[in-house]
There are 4 protein chains.
Amino acid sequence: MSEKKTSWGRWGTDDERGALNLLTPEVVTAALGVPTTGKAYALSIPIQRTGVPNLPFRGVPQRLTLTNHDDEQMSISNGGVPGVGSSEDMLVMASHTSTHMDALCHVYADNKLYNGFPHDQVAPYSGAQRCGIDKVGAIAGRGVLIDVASALGVDVLEPGHIISRTELTDTLRHQGTALEPGDLVLIRTGWVGAFMDERVAIHPQPGIGLDAAAYLVEQDVAIVGADNSAVEALPFESGVYLGCHIMLLVDNGIHLIENMALDELAQDNCHEFLLTVGALKVTGATGSPVTPIAIG
Amino acid sequence: MSEKKTSWGRWGTDDERGALNLLTPEVVTAALGVPTTGKAYALSIPIQRTGVPNLPFRGVPQRLTLTNHDDEQMSISNGGVPGVGSSEDMLVMASHTSTHMDALCHVYADNKLYNGFPHDQVAPYSGAQRCGIDKVGAIAGRGVLIDVASALGVDVLEPGHIISRTELTDTLRHQGTALEPGDLVLIRTGWVGAFMDERVAIHPQPGIGLDAAAYLVEQDVAIVGADNSAVEALPFESGVYLGCHIMLLVDNGIHLIENMALDELAQDNCHEFLLTVGALKVTGATGSPVTPIAIG
Amino acid sequence: MSEKKTSWGRWGTDDERGALNLLTPEVVTAALGVPTTGKAYALSIPIQRTGVPNLPFRGVPQRLTLTNHDDEQMSISNGGVPGVGSSEDMLVMASHTSTHMDALCHVYADNKLYNGFPHDQVAPYSGAQRCGIDKVGAIAGRGVLIDVASALGVDVLEPGHIISRTELTDTLRHQGTALEPGDLVLIRTGWVGAFMDERVAIHPQPGIGLDAAAYLVEQDVAIVGADNSAVEALPFESGVYLGCHIMLLVDNGIHLIENMALDELAQDNCHEFLLTVGALKVTGATGSPVTPIAIG
Amino acid sequence: MSEKKTSWGRWGTDDERGALNLLTPEVVTAALGVPTTGKAYALSIPIQRTGVPNLPFRGVPQRLTLTNHDDEQMSISNGGVPGVGSSEDMLVMASHTSTHMDALCHVYADNKLYNGFPHDQVAPYSGAQRCGIDKVGAIAGRGVLIDVASALGVDVLEPGHIISRTELTDTLRHQGTALEPGDLVLIRTGWVGAFMDERVAIHPQPGIGLDAAAYLVEQDVAIVGADNSAVEALPFESGVYLGCHIMLLVDNGIHLIENMALDELAQDNCHEFLLTVGALKVTGATGSPVTPIAIG
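So, how was this worked out
Residues numbered from 1 in each chain as written. Chains lettered and ligands numbered in written order. Predicted model: local features only at pLDDT ≥ 70, side-chain atom pairs only at ≥ 80, totals over all residues. Heavy atoms only, no water. Helix = DSSP H or I, 4+ residues; strand = E, 2+ residues; numbered from the N terminus. Rg over C-alpha atoms; globule rule 2.2 N^0.38 Å. Buried < 20%, exposed > 50% of the residue type's maximum accessible area, 1.4 Å probe, protein only. Contact = heavy atoms within 4.5 Å. Areas by Shrake-Rupley, 256 points an atom, 1.4 Å probe, with all protein chains shown as cover. Lys, Arg positive; Asp, Glu negative; His and termini not counted. Charge placed at Lys NZ, Arg CZ, Asp CG, Glu CD. Domains from an automatic or database assignment. Buried area = accessible area lost by both parts, 1.4 Å probe. Salt bridge = Lys/Arg side-chain N within 4 Å of Asp/Glu carboxyl O. Polar contact = N/O pair within 3.5 Å; in protein donor to acceptor, adjacent residues only side chain to side chain. Nonpolar A, V, L, I, M, F, W, Y, C, P; charged D, E, K, R; others polar. Least-squares fit on C-alpha atoms with pLDDT ≥ 70 in both. Pairing = 2+ DSSP bridges. Axes fitted to C-alpha atoms, helices over the stretch in contact; angles between N-to-C directions. Parallel < 35°, antiparallel > 145°, perpendicular 65-115°, else oblique. Left-handed = near helix turned anticlockwise from the far one by under 90°. Phe/Tyr/Trp six-rings, centres within 6.5 Å; stacked < 30°, edge-to-face > 60°. 1 Å grid on protein atoms, 1.4 Å probe; cavity = no way out; pocket = protein on both sides within 12 Å on 5 of 7 lines; lining within 4 Å. Points joined across faces, edges and corners; volume = space filled by probe spheres on them. Right-handed = clockwise from strand over helix to strand, strands pointing away. pLDDT = per-residue confidence, 0-100.

**Student:** Kindly report on the overall build of chain A, identifying the contributing residues and their values.
**Tutor:** The secondary structure content of chain A amounts to seven helices and 16 strands. Rg of the C-alpha trace for chain A: 20 Å, near the compact-globule value of 19 Å for 296 residues, within the 12% margin. Dimensions of chain A, computed from C-alpha atoms along their principal axes, come out at roughly 65 × 45 × 40 Å. When the 296 residues of chain A are sorted by exposure, 65% land in the buried category. Taking the intrachain contacts of chain A between residues at least 6 apart in sequence as the baseline, contacts between residues at least 24 apart amount to 79%. In the structure as shown, chain A presents an accessible area of about 9200 Å², 50% of it carried by carbon and sulfur atoms. Within chain A, one finds 17 positive and 35 negative side-chain charges whose respective centroids are separated by 4 Å.

Right under this line is the structure:
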């Protein structure tokens with residue numbers, strides 16, 4: 001690990017937020033000046049039992065709705081007002097299904113989490129002692145869409161297509177966008193929309209490759225998101241298990257957001273925007289479902 | 001219901017978003033000019049088994065973390081790389097615990113949801129056919145903190161204190177803030193912080209009363225949030241079961257956000273800000289846990 | 001409903017146990033004399049994520065195992081003994097998946113449960129006020145296997161095959177078994193074993209028809225179980241929605257047990273046995289997963 | 001471990017059932033002759049949100065009932081029959097709450113499970129590869145109640161009372177019961193009933209001590225159950241973490257059943273009976289909720 005470029009120690013030996021440290025008030029203030037239309041976008045897909053990407057080992061997301069119109073035990077106190085009541089839900093879901101953010105503790109390599117914390121700081125009941133999703137705090141900054149699918153003139157990249165460094169830089173040039181340190185970069189493959197329209201299978205999936213990931217590290221981005229299930233291509237490039245996850249999450253403290261809904265941004269040719277992400281503060285969690293909000 | 005002031009029909013007979021329709025691109029664009037410091041705030045409290053407000057009938061929020069360092073069945077394919085692995089979670093939680101947003105379908109009165117939809121459009125398995133949380137879309141606008149606790153010079157309002165219309169207007173005058181149509185109004189009682197510090201009990205709780213709610217309706221706000229469990233005071237003012245919920249959610253299509261973390265905004269005297277809310281798109285759900293993001 | 005033969009009132013107007021009332025100490029004592037080999041059988045199939053009958057709306061049964069070998073928060077007090085620890089599970093599952101017993105409240109007709117209780121005595125949060133699984137108590141009696149598949153010389157009945165009254169009586173004659181009041185009758189179609197071996201699909205399924213159900217009612221049996229998902233054939237005979245469920249559960253208070261594992265009994269030609277069923281006492285539940293125990 | 005008396009290897013090096021191997025057809029046949037009254041007992045307590053023993057880390061058992069009287073998506077096909085419908089539940093619960101059976105893999109010592117299997121054969125997602133509850137099969141045999149509380153003339157033993165070897169043998173003599181190899185021994189402290197009546201706290205609890213456990217091993221029993229949460233006393237005798245669990249489960253392959261309802265047997269002076277236990281076949285689970293059935 002010693003020769004590898006990493007961000008370990010860059011923000012202190014105790015840091016658990018990684019590249020989110022780039023999101024200074026100055027960066028946020030600059031990002032407030034990016035929007036041009038004032039249109040707001042919700043960049044997530046539905047959470048439901050069917051029709052959305054999921055892996056069997058994660059079970060099926062379930063919402064179970066309880067209503068107290070005939071169930072007095074459910075309310076604090078009904079007071080007997082006829083026709084008045086409330087409904088609530090229970091949710092049972094994997095944190096890494098649907099649109100979600102990976103905490104830095106989601107992956108480890110050489111038995112180490114980001115910043116060198118031992119991987120056994122993640123345990124089944126108490127969860128992550130280090131680098132959990134509860135450590136990310138408020139996320140806001142300049143979002144940049146790198147719409148690779150549109151730049152290549154396709155609806156959706158080929159299954160298994162590995163996005164190269166050159167495809168990223170070509171797309172940016174095509175769009176007229178220049179990356180800056182602290183950018184929240186969202187990569188569009190077209191996959192998730194095509195999957196929900198039943199035009200492609202769950203596997204393989206297009207996504208970035210190792211050299212594209214290295215490029216994003218060099219540009220000093222704060223987050224990488226994508227409209228696929230793993231940001232990186234599946235199967236993994238050259239068979240390197242979780243290769244881009246390791247480079248981004250573990251080595252460089254760059255959080256990932258997966259299964260994002262990016263088609264509406266693409267339709268509007270909205271490549272730069274203010275982006276906010278509100279991860280649920282689940283204590284010790286390795287990730288969180290999210291609905292990032294973009295303002296174009 | 002006929003004589004009551006309501007917003008039913010104001011945005012069309014099929015509308016399921018209520019006052020969120022006020023958040024036009026113009027309103028959002030104006031809100032982008034509000035921040036002065038660029039500091040971002042995550043306005044939620046933790047989701048965890050203990051130490052946070054919860055009601056017994058909602059069970060206990062549980063995060064169960066699974067790690068594949070010794071569990072090959074969990075991964076897509078490990079490829080046998082020693083020392084490399086990933087961890088994920090299952091979440092089991094009520095949608096209306098911790099910091100959460102109420103969907104318009106959360107409450108009904110006279111057997112009707114907002115806009116007159118019949119209350120039986122909410123069912124246990126299929127959830128809400130109308131006015132579910134999946135209908136809210138992207139939320140962004142100008143946030144306004146009405147810090148009643150600070151204006152009254154207290155850490156936390158008395159248990160059961162019913163905030164009046166006058167207390168709201170006095171606080172706004174004290175702060176030098178003027179409400180505008182489409183504002184996302186957050187009311188600070190000091191309660192949730194005091195509860196987590198074990199200085200107050202779960203019940204009773206300070207919150208707004210019926211006349212304060214009527215004032216917010218008159219001001220044409222888009223959302224009302226608070227740092228307590230029901231926005232309105234508990235027990236309900238004059239014993240009117242869910243009185244403010246009915247006036248805001250049902251009659252006027254104003255979504256609520258509860259158990260918000262507002263102390264940091266108060267400490268910074270940050271009373272106006274950009275606010276974004278990314279509700280999870282849980283199909284048919286009556287609410288969603290959220291971490292709203294403010295930029296001051 | 002007035003002309004229909006029912007057991008309503010037979011055991012009192014408040015009765016919630018139905019035909020289980022037939023299981024008197026005398027009947028149980030007689031059943032103790034039935035076994036001839038002393039071999040015990042566990043008549044259930046596995047509860048697991050895949051490979052067993054399930055319907056999508058029930059989600060996927062999940063077991064999530066927590067181990068405290070690296071998680072001190074999980075134990076009452078570890079005391080620091082190296083190498084000592086414990087593991088536990090969380091279960092998330094539908095009550096009506098895998099091998100399970102239907103409570104009498106599971107189905108209603110004419111808006112009535114068994115014994116005429118109104119169907120709205122079952123509510124989402126508080127569950128069943130009447131005829132819940134928590135009312136069944138201890139179940140023991142003489143079990144009788146009616147092995148229709150073997151009697152017809154097949155491994156598994158045809159998909160959708162509707163077992164007739166005559167097929168039941170022919171099978172009993174073939175086996176040399178005579179039914180008695182209070183018998184716990186288990187009907188073998190061969191289906192569940194064939195399904196788990198991937199030789200048949202989830203639908204359609206062989207099972208009893210309306211006349212066979214009427215025969216079992218006439219014989220005054222205490223329970224009907226089967227090695228399929230609904231005891232009755234799927235699709236329902238003549239399209240009568242839940243026809244046999246209504247006749248057995250609702251009209252006559254006869255509990256059902258579904259997805260039973262009956263192949264081992266069949267292989268041993270064990271047609272009469274002592275049978276015990278220990279339903280979990282889930283307060284207000286409409287059913288329970290069970291592992292019935294037979295002694296041959 | 002080498003000098004300690006264990007049952008490792010006694011039933012083969014691959015054995016995962018331990019002392020359940022004692023339950024031969026001969027033993028079961030003999031047990032069928034034990035009952036004298038034919039009265040059946042369900043030896044479990046309720047599974048519900050409140051009022052029953054539970055530990056916070058296990059969350060709250062939840063039953064969520066879904067009914068399709070107004071929810072067509074829940075049914076296979078309703079066919080539009082007015083007034084006909086069904087209700088089901090989802091269960092979310094810890095396997096080791098309420099009345100439950102510990103699998104042999106529930107505890108390990110010296111990093112070993114029963115029979116020397118490595119403790120890391122238990123993993124969060126795939127569960128127990130060895131000694132899981134899915135390995136126990138059908139359980140039937142002679143049950144013996146050792147009613148220590150009644151023999152000592154008390155309703156409930158003192159909190160934390162450690163039952164000694166002598167108290168067991170004195171109670172057996174008092175009852176006129178002689179233990180035999182393969183007995184399913186149930187020890188009554190009076191605790192669970194007192195807890196549910198709010199007469200004692202969750203902790204400490206009376207239970208057996210190390211010498212009593214050694215006695216039961218010497219008697220070659222097949223199972224040990226009790227009406228408390230851990231069979232052994234809490235806090236653990238001499239502070240030995242899980243001492244009796246280790247001796248019984250790990251060293252000698254004797255399964256445990258906890259939080260049993262034994263008061264009705266005691267009231268009837270029923271000290272010998274046929275006992276059956278139907279553990280749910282949850283693949284890889286470390287335990288199962290159960291309702292054991294006794295016939296007196």
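**Student:** Outline the domain arrangement of chain A, listing residues and values.
**Tutor:** Buried accessible area, meaning the area lost when the parts come together, often serves as the stated size of an interface. Residue and element names in this part refer to chain A. Split by domain assignment, chain A resolves into domain 1 (18-55 + 94-295) and domain 2 (61-92). Computed over C-alpha atoms only, the centres of domain 1 and domain 2 are separated by 37 Å. Contacts between the two partners involve five residues from domain 1 and, on the opposite side, four residues from domain 2. Contact between domain 1 and domain 2 buries roughly 400 Å² in total, counting both sides, with carbon and sulfur atoms accounting for 48%. One can count zero salt bridges joining domain 1 with domain 2. Linking domain 1 with domain 2 are one residue pair in polar contact (both at pLDDT 80 or more). Across the side of domain 1 that touches domain 2, the residue classes break down as one nonpolar, three polar and one charged.

**Student:** Can you explain the relation of the copies chain C and chain D? Please cite residues and give values.
**Tutor:** Mapping chain C onto chain D calls for a rotation angle of 180° and an axial translation of 0.0 Å; the resulting RMSD is 0.0 Å. Considering both components of the superposition, the chain copies are consistent with a two-fold axis. If distances are taken from each C-alpha of chain C to the rotation axis, the shortest is found for Val92(C), at 2.3 Å. Mapped onto chain D, 100% of the interface residues of chain C again fall at the interface, so both copies present the same surface.

**Student:** Go over the interface of chain A and chain B, please, and point to the residues and values.
**Tutor:** Every contact between the two is made by 85 residues of chain A and, on the other side, 85 residues of chain B. Here chain A and chain B share an interface that buries about 7200 Å² over both sides, 61% of which is from carbon and sulfur atoms. Interface area lost by chain A to chain B is led by Tyr108(A), Tyr241(A) and Lys281(A), which between them contribute 10%. At the junction of chain A and chain B, the tally comes to two salt bridges. Between Arg58(B) and Glu88(A) there is a salt bridge, and its shortest N-O distance comes to 2.6 Å. Linking chain A with chain B are 41 residue pairs in polar contact (both at pLDDT 80 or more).

**Student:** I'd love a proper account of the sheet that holds strand E15 (residues 287-289) of chain A, names of residues and values included.
**Tutor:** Residue and element names in this part refer to chain A. Taking strand neighbours across the sheet as the criterion, the nine strands line up as E1-E16-E14-E8-E10-E12-E13-E4-E15 in an open arrangement whose pairing is mixed. Both edges of this open sheet fall to strand E1 (40-42) and E15, since each of them pairs with a single strand only. Averaged over all pairs of adjacent strands, the angle between strand axes in this sheet comes to 25°, irrespective of strand direction. Relative to strand E12 (residues 223-226), strand E10 (residues 184-188) is paired through four bridges, and the arrangement is parallel. For leucine 184, the partnering residue across the bridge sits in E12 and is isoleucine 223. On the sheet, helix H3 (residues 165-175) packs against strand E8 (139-147) and E10 and is oriented at approximately 95° with respect to E8.

**Student:** With reference to specific residues and values, describe the packing of helix H5 (residues 210-218) of chain D against helix H6 (residues 243-252) of chain D.
**Tutor:** All names here are of chain D. In the contact formed by H5 and H6, the axes pass within 8 Å of each other and the chain directions differ by 20°. Relative to H6, H5 is oriented roughly parallel. Of the two elements, H5 crosses H6, and the hand of that crossing is right-handed. On H6, the residues that touch Leu210, Ala213, Ala214 and Val217 of H5 are Gly243, Cys244, Met247, Leu248 and Asn252.

**Student:** Just give me the short version of the relation of the copies chain A and chain B, but keep the residues and values in it.
**Tutor:** Superposition record for chain A on chain B: RMSD 0.0 Å, screw rotation 180°, translation along axis 0.0 Å. Same-surface contact between copies: 100% of interface residues of chain A are shared with the interface of chain B.

**Student:** Hey, could you go over the packing of aromatic side chains for me, with residue numbers and the actual values?
**Tutor:** Residues and elements named next belong to chain B. With the rule as written, the count across this model stands at eight aromatic pairs over all chains. Ring plane angle 85° and centroid distance 5.7 Å describe the contact between phenylalanine 236 and tyrosine 241, whose orientation is recorded as edge-to-face. Each member of the pair, phenylalanine 236 together with tyrosine 241, is buried.

**Student:** Go over the environment of Val136(B) with me, naming the residues and quoting the values.
**Tutor:** Inspection of the secondary structure puts Val136(B) in the loop between strand E7 (127-128) and strand E8 (139-147). Apart from the residues lying within four places of it in its own chain, the contact partners of Val136(B) are Arg17(B), Leu20(B), Met101(B), His255(B) and Ala279(B).

**Student:** Describe the environment of Pro292(D), listing the residues and the values that go with them.
**Tutor:** Residues and elements named next belong to chain D. Among the structural elements, proline 292 can be located in the loop between strand E15 (287-289) and strand E16 (293-295). Judged by its relative accessible area of 0%, proline 292 falls in the buried class. When residues no more than four places from it in sequence are discounted, the contact partners of proline 292 are Tyr41, Ala42, Leu43, Thr99, Ile257, Met260, Leu275, Thr276 and Val277.

**Student:** Requested: an account of the pairing of strand E3 (residues 85-94) of chain C, with residues and values cited.
**Tutor:** All names here are of chain C. The element E3 is extensively covered by neighbouring structure, given that 10 of its 10 residues are classed as buried. Neither face of E3 is left uncovered, since the one carrying Gly85, Ser87, Asp89, Leu91 and Met93 and the one carrying Ser86, Glu88, Met90, Val92 and Ala94 both have all their residues buried. As judged from the six bridges shared by strand E2 (residues 62-67) and E3, these two strands associate in the antiparallel manner. Note that in E3 the partner of threonine 67 across the bridge is serine 87.

**Student:** Lay out empty space enclosed by the protein in plain terms, naming residues and giving numbers.
**Tutor:** By the definition in use, this model includes 10 cavities of 30 Å³ or more. By volume, the largest cavity is sized at about 60 Å³. Together, Thr276(C), Val277(C), Gly278(C), Val290(C), Thr291(C), Pro292(C), Ile293(C), Thr276(D), Val277(D), Gly278(D), Thr291(D) and Ile293(D) line the largest cavity. Every element with two or more residues in the lining of the largest cavity is listed here: strand E14 (272-277) of chain C together with strand E14 (272-277) of chain D.

**Student:** Give a description of the pairing of E12(A) that names residues and reports values.
**Tutor:** Where a strand is regular, its side chains alternate between the two sheet faces. Residue and element names in this part refer to chain A. A two-sided burial pattern is seen for E12, the buried positions comprising Ile223 and Gly225 on one face and Val224 and Ala226 on the other. One ladder, built from three bridges, connects E12 with strand E13 (residues 255-258); its direction is parallel. Among the inter-strand pairings, glycine 225 is bridged to a residue of E13, identified as isoleucine 257. Handedness of the E12-helix H6 (residues 243-252)-E13 crossover: right-handed.

**Student:** Hey, could you go over the pattern of salt bridges for me, with residue numbers and the actual values?
**Tutor:** Using the criterion set out here, one finds 68 salt bridges over all chains in the structure. Note that Asp211(C) and Arg165(C) form a salt bridge whose closest N and O atoms lie 3.2 Å from each other. Of this pair, Asp211(C) sits in helix H5 (residues 210-218) while Arg165(C) sits in helix H3 (residues 165-175), and the two are 46 residues apart along the sequence. Taking relative accessible area as the criterion, Asp211(C) reaches 41% and is therefore assigned partly exposed. On the basis of relative accessibility, which here comes to 24%, the residue Arg165(C) falls in the partly exposed class. For Asp263(C), the salt bridge is made with Arg188(C), and the minimal N-O distance between the two is 3.0 Å. Here Arg188(C) lies in strand E10 (residues 184-188) and Asp263(C) lies in helix H7 (residues 263-267), a separation of 75 residues in the sequence. Residue Asp263(C) is classed as partly exposed on the basis of its relative accessible area, which comes to 27%. On the basis of relative accessible area, Arg188(C) is assigned to the buried category, the value being 7%. Each of Asp14(A), Glu16(A), Arg130(A) and Lys135(A) takes part in one network of salt bridges that share partners.

**Student:** So what about the confidence of the model for chain A? Which residues, and what values?
**Tutor:** On average, residues of chain A score 93 in pLDDT, and 95% of them are at 70 or above. For this predicted complex, the interface confidence comes out at an ipTM of 0.96, alongside a pTM of 0.92.

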